[in-house]
Amino acid sequence: MAAGVAAKLGTVRGCLWGCCSSRMGKSQSPFPPVLLLLLLLLVALAPQPAASDITNGNNEHLKREHSLIKPYQGVGSSSMPLWDFQGSTMLTSQYIRLTPDEPSKEGSIWNHQVNFTTRLIVATLTNFVLHQPCFLKDWEMHVHFKVHGLGKKSLHGDGFALWYTRDRLMPGPVFGSKDNFHGLAIFLDTYPNDEATERVFPYISVMVNNGSLTYDHSKDGRWTELAGCTADFRNQNHDTFLAVRYSRGRLTVMTDVEDKNEWKNCIDISGVQLPTGYYFGASAGTGDLSDNHDIISMKLFQLMVEHTPEEDNIDWTKIEPSVSFLKSPKDNVDDPTGNFRSGPLTGWKVFLLLLCALLGIIVCAVVGAVVFQKRQERNKRFY
């Protein structure tokens, strides 16, 4: 990262000074030192694409106790080590099917992880099964999935959800899981319930809840959505992937659904507070319309991030799920691109605004220099 910034700074500095010296001489540069410093600062602080932050998937920091990877164990049964199933979920050798392409089905799969010796002793003595949630502060989940069915055009539904929540294995109306949840949900919605919406489906959205918010299916969750994007992942003949990254209050969602083997920006939100000690899961539901909702793998990676002593002293299990900036429901007005017009200024938006302002200043400075030079030449004619 530092080397890349230094290289960019060197390139910009060389171009600017080279151009100035070749045309006007270094002493007559049309770029005042303050403007030059501002430009260099903008280049250095320009936000990097989120895709560059996504891990390459090496196994160095893979947390197998929170991952679902082939070959699956327990094929043909209703459960497998480290994961619990519910509802219509079916385990095969190639995928975990949350719902078949049949109406009125609900299914889910939820992670748990307990020391094997402890579980064996407790289960033997009490017939109780212990579940241990995830205590990582910074993590990244890669999900390999497939949504497909016989329904044409809009005659299919409803989609599935990925969860990082306090409660697990609790069926409900939100893509097969409970409403008023505590934690994070990523919805991969394939059916537009709101006929007046201008969004293009399938649509991916994010919601953070402390138990007080209700997901409104009739509006496709518009009132509680933090951000979203369109992603054409249904009935594809190639692999489709989703990456969810959470680190130091920043939540990033990326997609790889175009068979390009590269991540594409979908969602990037700062100011998100998520506690540790929650569970990962996935669920799906069908109504009158249906689809096959398959999970092929879920890989959780630990991100090696340094925290301040103050952050390390926080009891992260006591944090309430929250977002520091929430839009008013009245501001959640759709535009044709599927985004909200009133969204907060992201790093790129701020950068572009500053860049436009700087370019305006530079243009004014260059025009001023040209006008001044012409006046000087005009004055020389009178001597």
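Computed from a predicted structure; not experimentally measured.

A. Main features of the packing of aromatic side chains. The tally for this structure, following the rule as stated, stands at 13 aromatic pairs. Between Tyr164 and Tyr278, the aromatic rings sit 5.5 Å apart at their centres with planes inclined by 40°, giving tilted as the arrangement. With a gap of 114 residues between them, Tyr164 in strand 7 (residues 159-165) and Tyr278 in the loop between strand 14 (272-273) and strand 15 (279-285) connect regions that are remote in the sequence. Look at Phe201 and Tyr203: their rings are 6.0 Å apart centre to centre, the planes differ by 40°, and that puts the pair in the tilted class. Taken as a pair, Phe201 and Tyr203 share a single burial class, namely buried. Three or more aromatic residues joined by ring pairs make a cluster, and in this case those are Trp139, Tyr164, Tyr246, Tyr278 and Phe280. The lysine or arginine in question, Arg168, covers the ring of Tyr279, its NZ or CZ lying 5.2 Å from the ring centre.

B. Spatial organisation of the sheet that holds strand 4 (residues 96-99). Strand order in the open sheet formed by seven strands is 3-4-16-6-11-12-13, and the pairing between neighbours is antiparallel. Each edge of the sheet is formed by a strand with only one pairing partner; in this case those strands are strand 3 (90-91) and strand 13 (264-269). In the sheet, strand 3 pairs with strand 4 via two bridges, with the strands oriented antiparallel. From the neighbouring strand, Leu91 faces strand 4, where its bridge partner is Ile96.

C. Examining the pattern of salt bridges more closely. Applying the stated criterion across every chain, the model contains 16 salt bridges. Put simply, Glu65 and Lys63 hold a salt bridge, and the shortest N to O gap is 3.9 Å. Across the pair Lys178 and Asp167 runs a salt bridge, and its minimum N-O distance is 3.5 Å. Of this pair, Lys178 sits in the loop between strand 7 and strand 8 (182-189) while Asp167 sits in the loop between strand 7 and strand 8; the two residues are eleven residues apart in sequence, bridging distant segments of the chain. Asp167 gets classed as partly exposed once you look at its relative accessible area, which sits at 22%. One salt-bridge network, held together by shared partners, links Arg166, Asp167 and Lys178.

D. Examining the state of the cysteines more closely. Counted under the stated rule, the structure contains one disulfide. The residue that forms a disulfide with Cys229 is Cys266, at a sulfur-sulfur distance of 2.0 Å. Residues Cys229 and Cys266 are joined by a disulfide whose S-S torsion is about -100°; by sign, that bridge is left-handed. Of this pair, Cys229 sits in strand 10 (residues 227-230) while Cys266 is found in strand 13, placing the two residues 37 residues apart along the sequence. Looking at Cys266, the relative accessible area reads 14%, which means it is buried.

E. Quick peek at the confidence of the model for the protein chain. Overall, the prediction assigns the protein chain a mean pLDDT of 81, with 70% of residues at 70 or greater. In the model, residues 5-9 has pLDDT below 50 throughout and makes six contacts with residues more than four positions away in sequence or in other chains. The low-confidence segment residues 118-129 (pLDDT under 50) makes eight contacts with residues lying over four places distant or belonging to another chain.

F. Focus on the pairing of strand 15. A large share of strand 15 lies buried, amounting to seven of its seven residues. Burial along strand 15 is two-sided: Tyr279, Gly281, Ser283 and Gly285 facing one way and Phe280, Ala282 and Ala284 facing the other are all buried. Note that strand 5 (residues 106-111) and strand 15 share five bridges and pair antiparallel. The residue of strand 15 that forms the bridge with Glu106 is Gly285.

G. Representation of a nonpolar patch on the surface. There is a patch of nonpolar side chains on the surface, built from Val363, Val367 and Val371 and spanning about 230 Å² of accessible area. The topology assignment puts Val371 in helix 5 (residues 347-380). Here Val371 falls in the partly exposed class, since its relative accessible area comes to 39%.

H. Molecular detail of the nonpolar core. Ranked by size, the top nonpolar core spans 50 residues in total, and within it Trp139 and Phe145 carry the most contacts. It is strand 6 (residues 139-148) that provides the largest number of residues to this core, a total of five residues. When residues no more than four places from it in sequence are discounted, the contact partners of Phe145 are Phe160, Leu188, Phe233, Thr240, Phe241, Leu242, Val257, Asp294, Ile295 and Ile296. Val174, Phe187, Met207 and Tyr215 belong to the second largest nonpolar core, which has eleven residues in total.

Thresholds applied
Residues numbered from 1 in each chain as written. Predicted model: local features only at pLDDT ≥ 70, side-chain atom pairs only at ≥ 80, totals over all residues. Heavy atoms only, no water. Phe/Tyr/Trp six-rings, centres within 6.5 Å; stacked < 30°, edge-to-face > 60°. Helix = DSSP H or I, 4+ residues; strand = E, 2+ residues; numbered from the N terminus. Buried < 20%, exposed > 50% of the residue type's maximum accessible area, 1.4 Å probe, protein only. Lys NZ or Arg CZ within 6 Å of the ring centre and 35° of its normal. Pairing = 2+ DSSP bridges. Salt bridge = Lys/Arg side-chain N within 4 Å of Asp/Glu carboxyl O. Disulfide = S-S within 2.5 Å. pLDDT = per-residue confidence, 0-100. Contact = heavy atoms within 4.5 Å. Patch = residues over 30% accessible without salt bridge, like charges linked within 9 Å, V, L, I, M, F, W, Y side chains within 5 Å. Areas by Shrake-Rupley, 256 points an atom, 1.4 Å probe, with all protein chains shown as cover. Core = buried A, V, L, I, M, F, W, Y, C linked by side-chain atoms within 4.5 Å.

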